[in-house]
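Take a look at the letters that make up each chain.
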Amino acid sequence: MKKLSPLQIERLKYQPKLPATLALGINSLEVAEGEATQSVRDQEQIQNLFKNTYGKPVVTFKNSISMSVSQPKNVGVILSGGQAPGGHNVIAGLYDALKQANSSNKLYGFLGGPSGIIDGKYVEFSDEFIDQYRNTGGFDIIGSGRTKLETEEQFQKSLEVCKKLNISAVVIIGGDDSNTNAALLAEWFVKNNTGIQVIGCPKTIDGDLKNDQIEISFGFDTATKTYAELIGNIQRDANSAKKYWHFIKIMGRSASHVALEAALQTQPNITLISEEVEERKMSLESIINYMSEVIVKRSNSGKNFGIAIIPEGLIEFIPEMKSMIANLNDIMAALENDPSFVNATTIREKFDIVENRLDSANAKVYSSLPVLIKEQLLADRDPHGNVQVSKIETEKLLIEMISTRLDELKSQGDFIGKFSAQSHFFGYEGRCAFPSNFDADYCYSLGFNAFALINFGLTGYLSSVRNLTQPADKWIAGGIPLTMMMNMERRHGEMKPVIQKALVRLDGPVFKQLEEHREDWAMNDRYLFPGAVQYFGPSCVCDVTTCTLQLEREKTLVNA
Ligand code: FBP
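Parameters and conventions
Numbers given to residues run from 1 along each chain, matching the order in which its sequence is written. Predicted model: local features are reported for residues with pLDDT of at least 70 only, side-chain atom pairs are reported and counted for 80 or more only, and whole-chain, interface and lining totals are derived from all residues. To get the side-chain values, all heavy atoms of the structure are used, and hydrogens and water are removed first. We treat two strands as partners when DSSP finds at least two bridges between them. To qualify as a helix, a DSSP run of H or I must reach at least 4 residues; to qualify as a strand, a run of E must reach at least 2; elements of each kind are numbered from the N terminus. Note on method: axes are straight lines fitted to C-alpha atoms, helices fitted across the in-contact stretch only, with angles between N-to-C directions ranging 0 to 180 degrees. Contacts: residue pairs with any heavy atoms within 4.5 Å of one another. If an angle is under 35 degrees, it is roughly parallel; if it is over 145, roughly antiparallel; if it lies from 65 to 115, roughly perpendicular; otherwise it is oblique. By the definition used in this description, the sense in which the near helix is turned from the far one sets the handedness, with an anticlockwise turn below a right angle giving left-handed and a clockwise turn giving right-handed. Note on residue classes: Ala, Val, Leu, Ile, Met, Phe, Trp, Tyr, Cys and Pro are nonpolar, Asp, Glu, Lys and Arg are charged, and everything else, Gly too, is polar. For Phe, Tyr and Trp, where Trp contributes only its six-membered ring, two rings pair if their centres lie within 6.5 Å, and the inter-plane angle classes them as stacked under 30 degrees, edge-to-face over 60, or tilted in between. When accessible area is computed with a 1.4 Å probe and restricted to protein chains, residues below 20% of their type maximum are described as buried, those above 50% as exposed, and intermediate ones as partly exposed. Throughout this description, the term charge over a ring refers to an Arg CZ or Lys NZ atom that lies within 6 Å of the ring centre and within 35 degrees of the ring normal. The nearness test applies per residue and asks whether one of its heavy atoms lies within 4 Å of the molecule or strand. Two N or O atoms form a polar contact when they lie within 3.5 Å of each other; inside protein one atom must be a possible hydrogen donor and the other a possible acceptor, and for residues adjacent in sequence the pair counts only when both atoms belong to side chains. Note on areas: Shrake-Rupley with a 1.4 Å probe; residue coverage comes only from the protein chains shown. A cavity here means a set of points on a 1 Å grid, drawn over the protein atoms and nothing else, where a 1.4 Å probe fits but cannot get out; a pocket is an open set with protein on both sides within 12 Å along at least five of seven lines, and a residue lines either one if it has an atom within 4 Å of a point. Grid points are joined across faces, edges and corners, and a volume is the space filled by probe spheres set on the points. Note on terminology: a nonpolar core comprises buried Ala, Val, Leu, Ile, Met, Phe, Trp, Tyr and Cys residues joined through side-chain atoms within 4.5 Å. Put simply, a salt bridge is a Lys or Arg side-chain nitrogen that is within 4 Å of an Asp or Glu carboxyl oxygen. Two axes enter the bend calculation: one fitted to the seven residues ending at the residue in question, the other to the seven starting there, and the bend is the angle between them.

Draft legend 1. Inspection of the sheet that holds strand β6 (residues 167–174) at higher detail. Read from one edge to the other, the open sheet built from nine strands follows the order β1-β2-β13-β12-β7-β6-β3-β4-β5, with strand pairing classed as mixed. Every interior strand has two partners, whereas the edge strands, β1 (29–36) and β5 (122–124), have only one. Adjacent strand axes in the sheet meet at a mean angle of 25° when their direction is disregarded. The pairing of strand β4 (residues 106–110) with β5 spans three bridges and is antiparallel. From the neighbouring strand, Y108 faces β5, where its bridge partner is E124. The strands touched by helix α8 (residues 176–191) within the sheet are β6, β7 (197–202) and β12 (461–466), with β7 carrying the most contacts at an inclination of about 170°.

Here it is as structure tokens:
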């Protein structure tokens, strides 16, 4: 028998909470429809592209007096993109709802992400199989992948697989891109009269799949708590040894929500926010100057140590870097099959090829970077043609450039202290942690609710559970039309319909909180030590969610 840790054993027994409406049972629901909806922007174009699924109403569930009995259904589920704590519970919630509705219903899991439905690789879930994964982190139950589900051929193949398994609904658990693809698949299935429904679930630790309807994506709660624990531990070490500056890069592909939340939970000395860097058009040099100033000031008061938080996506928000990377992405796409580049024997040769092709201003920026970063910028692109920012060691770039700046200051007599730095990257450490109680409950509810949407014949919807700062029994379950969250954006040189990514709002309450305190935190050590995620104990400790969600909800309620 497989050996389990004591926490694994305890977590398997945890019974996730559901909103009161859903807790009464999947067969005791009725649906309440709101007004017809519109996409956030570009209404005409989105309506044209989604002729069959555009404009549907937001729906919420309430309890009905009569019990409904549904026809047997087979459903398929896909985990898409990066891991996020709680994915297994979405599947467990979906499975429990489906079996509660009709014990002959079947749930199939497509293996390895969206490619599973295209290639017909799947498993059928059973009680024993699901039970091993309840309340656990990771996506290893069926695996995940980043294949983009978007071409006619892929849709055709998916249809054949669904027909073979008699599947009448597919649930896609993913971020903004995966849910954009869910919307495309839903539209295609309706257009081709297949009778197959598609429902999305909002996943990503990055926290950027949120809007007026979706309060937060799952995984953000646990991931940020995990990073906050690690930052707190490092703060304690820095404060004990008093000899290092720790530069900590925090995951989050583009938006800085994760870094911002982790900073509010720990109160470090410096926190960079990519969106602010972009808004204020801060060059790399001005970032270096700002950080160096804090380092010098702290040193002048005898503190040659500190903590700096750097969002993973920073590099793409620095104006001159953004322009250079966009130019570089196009060049890399063209060089993919170019023998002179592919067969270049040294990295220097590759640098030369790239620099010769970049526009002159961009070539200057590129050539000014340390070799390590230049090399990392040439690494393989993701399936969307973007630089994989998790592979770019921005924290090391900053350390190197700040060291040079401090040496200059030293030679001018403006810095007499010491600067010794350690770099860290917290990303993968947080993506597969045991889901917090919040994520365990939220994910289970999202999955259960996804089946409720299927049961009412809905398609092209995102499973939505709201009112999340209240206890779970007060959460509101329903569905949001995917097209409502869409607009047109340029991708690979073409305008495409996509779900809008939510960046950190500089006029929002979360950033304001940092802005209000950062000067104080820079000089006076106000470190907080959140400690490990708590799964048991008083609910004010183990069920409490993030500062981000609380501050944003408070603001929404005040404005309502
Ligand atoms: P999703 O948007 O798919 O949830 O993934 C987010 C993320 O965890 C980012 O924070 C990070 O930049 C990226 O995935 C890393 O991707 P990979 O797992 O492919 O290295």
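Draft legend 2. How the structure looks around the packing of helix α13 (residues 319–335) against helix α15 (residues 347–357). At a minimum axis distance of 10 Å, the contact between α13 and α15 shows a crossing angle of 120°. Here α13 lies oblique to α15, going by the angle between them. Crossing geometry of α13 relative to α15 is assigned as right-handed. Of the residues in α15, those in contact with L328, I331 and L335 of α13 are I353, V354 and R357. In terms of residue class, the contact of α13 with α15 is built from five nonpolar, no polar and one charged.

Draft legend 3. How the structure looks around the packing of aromatic side chains. One pass over the full model with this rule turns up 15 aromatic pairs. Geometrically, the ring pair formed by F425 and Y428 is edge-to-face, given 6.2 Å between the ring centres and 80° between the ring planes. With 5.6 Å between their ring centres and 40° between their planes, F438 and Y442 make a pair best called tilted. Of the two residues, F438 and Y442 both sit in helix α20 (residues 437–455), four residues apart, roughly one turn of that helix. Comparing F438 with Y442, the two get one shared label, buried. Taken together through their ring pairs, the aromatic side chains of F125, F129 and Y133 make up a single cluster. Lying over the aromatic face of F536, R11 brings its terminal NZ or CZ to 5.8 Å of the ring centre. Sitting over the face of the ring of F529, R236 holds its NZ or CZ atom 3.6 Å from the ring centroid.

Draft legend 4. How the structure looks around the site of the ligand. Neighbouring the ligand are the residues G81, G82, R146, K203, T204, D206, M251, G252, R253, E312, Y428 and R431. Interatomic distance of 3.0 Å between a side-chain N/O atom of K203 and an oxygen atom of the ligand. Taking R431, its side chain carries an N or O atom lying 2.9 Å from an oxygen atom of the ligand. Relative to its free-state accessible area of 480 Å², the ligand is covered by the protein chains to the extent of 83%. Partitioning the shell around the ligand into residue classes produces two nonpolar, four polar and six charged.

Draft legend 5. Representation of empty space enclosed by the protein within the structure. Applying the stated criterion across every chain, the model contains one cavity of 30 Å³ or more. Each pocket or cavity is described by its volume, and for the largest cavity that value is around 40 Å³.

Draft legend 6. Local environment of the nonpolar core. By size, the foremost hydrophobic cluster in this structure holds 70 residues, and its most contacted members are I91, F125 and V171. In terms of residue count, α20 provides more of this core than any other element does, 11 residues in total. Dropping the residues within four chain positions of it, F125 is found in contact with V77, I91, Y95, L107, Y108, G109, I130, I141 and I142. V277, M321, M332 and F419 belong to the second largest nonpolar core, which has 49 residues in total.

Draft legend 7. Structural context of the environment of V31. The topology assignment puts V31 in strand β1. Looking at V31, the relative accessible area reads 27%, which means it is partly exposed. Between the C-alpha atom of V31 and that of F456, which follows or precedes it by 425 residues, the distance is 7.6 Å. In this structure V31 touches V59, T60, F61 and F456, once residues within four positions along its chain are discounted.

Draft legend 8. Quick peek at the pattern of salt bridges. The final tally for this structure, using the stated rule, is 28 salt bridges. Across the pair K148 and E150 runs a salt bridge, and its minimum N-O distance is 3.8 Å. The closest approach of N and O atoms between K157 and E153, which form a salt bridge, is 3.8 Å. Note that K157 and E153 are positioned in helix α7 (residues 152–165) at a spacing of four residues, about one turn of the helix. Salt bridges sharing partners connect three or more residues here, namely E276, R280, K512, E515 and R518.

Draft legend 9. Here's a closer look at helix α21 (residues 509–523). The sharpest bend along α21 measures roughly 50° and falls at H517. Three or more residues of α21 are buried, namely V510, F511, L514, R518, W521 and A522. Against α10 (257–266), β9 (270–271), α11 (274–279), α12 (284–300) and α23 (547–559) lie the buried residues of α21.

Draft legend 10. Main features of the environment of F125. Tracing the chain through its elements places F125 in the loop between β5 and α6 (127–131). Distance in space between the C-alpha atoms of F125 and A472 is 27 Å, their sequence separation being 347 residues.

Draft legend 11. A look at the packing of helix α9 (residues 220–241) against α10. In contact at an axis separation of 9 Å, α9 and α10 are set at 50° when each is read in the N-to-C sense. With respect to their mutual orientation, α9 and α10 come out oblique. For the crossing formed where α9 meets α10, the hand is right-handed. Every residue of α10 that contacts α9 at F220, T224, K225, Y227, A228, I231, G232 and Q235 is listed here: H257, V258, E261, A262, Q265 and T266. Within the contact of α9 with α10, the residues separate by chemical class into six nonpolar, six polar and two charged.

Draft legend 12. Geometry of the side chain of D221. As for its position among the elements, D221 is in helix α9. Look at D221 and you get buried, because its relative accessible area is 3%. Among the polar contacts listed, one links the side chain of D221 to the side chain of S436, at a separation of 2.6 Å. Contacts of D221, omitting those with residues within four sequence positions, involve S436, F438, D439, V544, T545 and T546.

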